[in-house]
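# Structural description and commentary
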Amino acid sequence: MRLWSIHPKYLDRIGLVAVWREGLLAKRVLEGRTRGYRNHPQLIRFKEYEKPVDLIDAYLFQIYLEARRRGYSFNYSKIRVIELQGVVAVTRGQLEYEFIHLLKKLEVRDRRKFEELKNLNPKDVEPNPVFRVVEGGVERWEKLRTG
């Protein structure tokens, strides 16, 4: 499960569809409607928010908006339309880590998207609008990948 902190505009088609599906799974976990993934590290920041289901719905709403902008038809009836802006902190280091991780994926699976993003400075990467950027390294819940 990868609930990207970076803005969904950076994701390729595969990444956008995957984060939608994984976000819907995360929503079921946060609602207590599934037994799997309950302790997944990607859910920590959602669980720590005062209203975790509101946060995941607001997060997924941003994914939906990006999908709609691209002409995709995600089923928004699966979420509640909640617009939260900058309610949870994410570190600059986390955004940079995720962007570099995404670039590695794109280099293999979507060269056109890779070429579009490869010259973007990781320090300039924007978050999903539900997050606000604070200084700091990679988040404590991140499972670091090497290589």
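Summarised in this report is the structure supplied together with it. (Residues numbered from 1 in each chain as written. Predicted model: local features only at pLDDT ≥ 70, side-chain atom pairs only at ≥ 80, totals over all residues. Heavy atoms only, no water.)

On to the environment of Asp-54. Here Asp-54 shows up in helix α3 (residues 52-69). With residues up to four places along the chain from it excluded, the contact list for Asp-54 reads Arg-80, Ile-82 and Leu-84. (Helix = DSSP H or I, 4+ residues; strand = E, 2+ residues; numbered from the N terminus. Contact = heavy atoms within 4.5 Å.)

Another aspect to go through is the layout of surface pockets. It is the rolling of a water-molecule-sized probe over the atoms that shows where space remains empty. In this model, the largest pocket occupies a volume close to 170 Å³. Around the largest pocket, the lining residues are Met-1, Arg-2, Trp-4, Ile-14, Gly-15, Ala-18, Val-19, Glu-22, His-101, Lys-105, Arg-109 and Arg-145. For the lining of the largest pocket, the secondary-structure elements that each account for two or more residues are α1 (13-30) and α4 (92-109). Among the residues making up the lining of the largest pocket, the classes are represented as five nonpolar, two polar and five charged. (1 Å grid on protein atoms, 1.4 Å probe; cavity = no way out; pocket = protein on both sides within 12 Å on 5 of 7 lines; lining within 4 Å. Points joined across faces, edges and corners; volume = space filled by probe spheres on them. Nonpolar A, V, L, I, M, F, W, Y, C, P; charged D, E, K, R; others polar.)

Time to look at the pattern of salt bridges. What the rule picks out here adds up to 17 salt bridges. Residues Arg-2 and Glu-98 are paired through a salt bridge, measuring 3.7 Å at the closest nitrogen-oxygen approach. Here the residue Arg-2 occupies a position in the segment before α1, and Glu-98 occupies one in helix α4, the gap between them amounting to 96 residues. Both residues of the pair, Arg-2 and Glu-98, count as buried. (Salt bridge = Lys/Arg side-chain N within 4 Å of Asp/Glu carboxyl O. Buried < 20%, exposed > 50% of the residue type's maximum accessible area, 1.4 Å probe, protein only.)

Given a rise of 1.5 Å per residue, 18 residues ought to cover 26 Å, and the 26 Å separating the end C-alpha atoms of α3 matches this to within 8%. Counting buried residues in α3 gives 13 out of 18 residues, a clear majority hidden from the surface. Phi for Gly-71, located one or two positions after α3, is positive at around 90°. (Expected span 1.5 Å × (residues − 1).)

With respect to the helices, strands and loops of the structure, Gln-94 is situated in helix α4. Put simply, Gln-94 and Glu-142 are 48 residues apart on the chain and 8.1 Å apart in space, counted from C-alpha to C-alpha. In this structure Gln-94 touches Arg-2, Ser-5, Gly-137, Val-138, Glu-139, Trp-141 and Glu-142, once residues within four positions along its chain are discounted.

Here we take up the packing of aromatic side chains. Across all of its chains, the model carries seven aromatic pairs by this definition. With centroids separated by 5.1 Å and ring planes inclined at 40°, the aromatic side chains of Trp-20 and Phe-74 adopt a geometry described as tilted. A residue pair is termed long-range when its members are at least 10 positions apart, and Trp-20 in helix α1 and Phe-74 in the loop between α3 and β1 (88-91) qualify at 54 residues. On the basis of relative accessibility, which here comes to 14%, the residue Phe-74 falls in the buried class. Relative to Tyr-76, the ring of Tyr-64 has its centre 5.3 Å away and its plane inclined at 50°; by these criteria the two rings are tilted. Here Tyr-64 is found in helix α3, whereas its partner Tyr-76 is found in the loop between α3 and β1, with 12 residues between them in sequence. A residue is classified by how much of its surface remains accessible, and Tyr-64, at 10% relative accessible area, is buried. Put simply, the rings of Trp-20, Tyr-72 and Phe-74 pair up and form one aromatic cluster. Geometry around Trp-4 places Arg-2 over its ring, the cationic atom sitting 5.3 Å from the centre. (Phe/Tyr/Trp six-rings, centres within 6.5 Å; stacked < 30°, edge-to-face > 60°. Lys NZ or Arg CZ within 6 Å of the ring centre and 35° of its normal.)

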